[in-house]
Amino acid sequence: SQTIHQWPATLVQPVGSPLSLECTVEGTSNPNLYWYRQAAGRGLQLLFYSVGIGQISSEVPQNLSASRPQDRQFILSSKKLLLSDSGFYLCAWRVGMGPEKLFFGSGTQLSVL
Amino acid sequence: GQQVMQIPQYQHVQEGEDFTTYCNSSTTLSNIQWYKQRPGGHPVFLIQLVKSGEVKKQKRLTFQFGEAKKNSSLHITATQTTDVGTYFCMNTGFQKLVFGTGTRLLVSP
């Protein structure tokens, strides 16, 4: 069966520090991968998505970047965190396109102080 | 670009009352999926609607897809405290998956 792992669960970082959040999927091949961010009490903002290794589409032109070095690995990074980067970061995957449902990781609560 | 709005943003009901959230799109939806996110948790898939006018039921939850495939609704009959959470709709069929703005439901016992 397929599983998605996302870590860490919580993270407290100072402003200006770097960030690396990792997400891995098991039990499937060539998944579509997604990074979402959710501010407290708000909706799900799509940050990046990837349909294959090395293919990244960015939806938010901020100080965040994403990479997909392996088929089932998706990494969210920042060189210098801002206060506004605080939020709940969710990784998700699904099989290809069409009517397939999304499966989410358990999320990372990031606090930038 | 694709915009999917949900109303209301927030609703507080007494246990036993009904609840409805509406999902409205500026463009025709391919398929619509509904997700529920419990407080502190991650979104979990509830159901998918594909056909124009489709109605599906899951116990106390009724999902409907509009005839023009530009709107959808989720109705909960006789809410329970376990229904607390945020409900999101999402248009599928594209690589870029954008969620609706969400409706947060609070149920008081």
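Just so it is clear, the model here is predicted, and its values are computed rather than measured.

Student: Quick question: what am I supposed to make of the overall build of chain A here?
Tutor: Along chain A, the regular secondary structure elements total zero helices and eleven strands. Its helices and strands in sequence order give chain A the pattern β-β-β-β-β-β-β-β-β-β-β, from N to C terminus. Taken along its principal axes, the extent of the C-alpha atoms in chain A is 40 × 25 × 20 Å. Each of the 113 residues in chain A was classed as buried or not, and the buried ones make up 46%. Counting contacts in chain A only where the partners sit at least 6 residues apart, residues at least 24 apart contribute 54% of the total. If the 8 positive side-chain charges of chain A are averaged to one point and the 6 negative ones to another, these points end up 6 Å apart.

Student: Explanation requested: the interface of chain B and chain A in the structure shown.
Tutor: It is common to give the size of an interface as the accessible area lost on bringing the parts into contact. Contacts between the two partners involve 20 residues from chain B and, on the opposite side, 22 residues from chain A. Taken over both partners, the interface formed by chain B and chain A buries close to 1,700 Å², and the fraction arising from carbon and sulfur atoms is 61%. Linking chain B with chain A are zero salt bridges. Our count for the contact surface shared by chain B and chain A stands at four residue pairs in polar contact (both at pLDDT 80 or more). Looking at the side of chain B that touches chain A, the elements with two or more residues in it are strand S4 (32-37), strand S5 (44-49) and strand S9 (85-91) of chain B. At three residues, the largest contribution of residues to the side of chain B that touches chain A is made by S4(B). Among the residues forming the side of chain B that touches chain A, the class breakdown is eight nonpolar, eleven polar and one charged.

About the criteria used
- Residues numbered from 1 in each chain as written.
- Chains lettered and ligands numbered in written order.
- Predicted model: local features only at pLDDT ≥ 70, side-chain atom pairs only at ≥ 80, totals over all residues.
- Heavy atoms only, no water.
- Helix = DSSP H or I, 4+ residues; strand = E, 2+ residues; numbered from the N terminus.
- Buried < 20%, exposed > 50% of the residue type's maximum accessible area, 1.4 Å probe, protein only.
- Contact = heavy atoms within 4.5 Å.
- Lys, Arg positive; Asp, Glu negative; His and termini not counted.
- Charge placed at Lys NZ, Arg CZ, Asp CG, Glu CD.
- Buried area = accessible area lost by both parts, 1.4 Å probe.
- Salt bridge = Lys/Arg side-chain N within 4 Å of Asp/Glu carboxyl O.
- Polar contact = N/O pair within 3.5 Å; in protein donor to acceptor, adjacent residues only side chain to side chain.
- Nonpolar A, V, L, I, M, F, W, Y, C, P; charged D, E, K, R; others polar.

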